[in-house]
Amino acid sequence: MTLREFIKPIHDRAEHHPMAQSMINGTVSVAAYTDLLANLLIAYGDIESKARRVGWIDELDGISRFTAMLEDLVELVSEHGIKPTIYNDFIAEYCDRVWQQSREGTLAHVYVHHMGDMFGGQMLKGKLPGKCRRYVFENKTDLVARIRENLVHDEANMQEAVAAFDFVIGLYDRVTRKHNIH
């Protein structure tokens, strides 16, 4: 079984979550999206720092989203005067998990988050607040191919991909509760 097949049920759960649906439908508020983006920025900072440490950032040139996400967040905060809510303990727990990963396990987290940006993000970028720089990839086809050729489809990596989706769903839960998204 491939990692993609293994994670399909949890991928579908995330995609059908009220937060994801509000983004897909273009109805997410600036405040809710800002909260989501601010928390994801912290997680991406750790994922990409760990990926840099184990060599993935060099091998996957152009994969890093941190700077683009930071620019998106600064734009939303400055234009709308929003102070995002940070879910410190929740984010720290996930980031600690990322830092404990092997090289292959780190790629499982990159796979979930960054492939989501390269695929689902393409349909979202016109529906979300701001310029959505994080979804602009200059070499998407090459990045997708290199991630797929390096991905290890073993039990440990499958569990890490599930953990990455659990994090996304948990973050969606927190943002939807705060912003009353149904």
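For the structure, check the block above.
Residues numbered from 1 in each chain as written. Predicted model: local features only at pLDDT ≥ 70, side-chain atom pairs only at ≥ 80, totals over all residues. Heavy atoms only, no water.

Undergrad: Mind showing me how you'd approach the environment of A43 here?
TA: As for its position among the elements, A43 is in helix α3 (residues 30–53). Note on A43: relative accessible area 1%, which makes it buried. Residues A43 and G81, 38 residues apart in the sequence, show an inter-C-alpha distance of 23 Å. Apart from residues no more than four positions distant in its own chain, A43 is found in contact with I91, Y94, C95 and F167. (Helix = DSSP H or I, 4+ residues; strand = E, 2+ residues; numbered from the N terminus. Buried < 20%, exposed > 50% of the residue type's maximum accessible area, 1.4 Å probe, protein only. Contact = heavy atoms within 4.5 Å.)

Undergrad: Help me out: how do you make sense of α3 in this one?
TA: Owing to its 3.6 residues per turn, the α-helix brings residues three or four apart onto one side. With 24 residues, α3 extends 34 Å from end C-alpha to end C-alpha; this agrees with the ideal 34 Å at 1.5 Å per step. Within α3, 17 of the 24 residues are buried, which leaves it mostly tucked inside the rest of the structure. Of the residues trailing α3, G55 is marked for its positive phi of about 100 degrees. (Expected span 1.5 Å × (residues − 1).)

Undergrad: Could you clarify how one ought to interpret the packing of helix α6 (residues 88–99) against helix α10 (residues 155–179) in this entry?
TA: One way to put it is that α6 packs onto α10 with a least axis distance of 11 Å and a crossing angle of 170 degrees. For the element pair α6 / α10, the angle class is roughly antiparallel. Side by side, α6 and α10 meet where F90, I91, Y94 and R97 of the first sit next to Q159, E160, A163, A164, F167, G170, L171 and R174 of the second. Of the residues in the contact of α6 with α10, the class split is seven nonpolar, two polar and three charged. (Axes fitted to C-alpha atoms, helices over the stretch in contact; angles between N-to-C directions. Parallel < 35°, antiparallel > 145°, perpendicular 65-115°, else oblique. Nonpolar A, V, L, I, M, F, W, Y, C, P; charged D, E, K, R; others polar.)

Undergrad: Please clarify how the pattern of salt bridges should be interpreted in this entry.
TA: A side chain of one charge can pair with a side chain of the opposite charge if their charged atoms are brought near each other. In the structure shown here, the tally under the stated rule is nine salt bridges. E71 serves as the salt-bridge partner of R133, at 3.6 Å between the closest nitrogen and oxygen. With R133 in the loop between α8 (120–124) and α9 (140–150) and E71 in helix α5 (residues 66–80), the pair connects residues that are 62 residues apart, well separated along the chain. Here R133 falls in the partly exposed class, since its relative accessible area comes to 22%. A salt bridge links D117 to R134, with the shortest nitrogen-to-oxygen separation between them at 2.8 Å. In this pair, D117 sits in helix α7 (residues 103–118) while R134 sits in the loop between α8 and α9, placing the two residues 17 residues apart along the sequence. For the pair D117 and R134, a shared accessibility class is recorded, and that class is buried. (Salt bridge = Lys/Arg side-chain N within 4 Å of Asp/Glu carboxyl O.)

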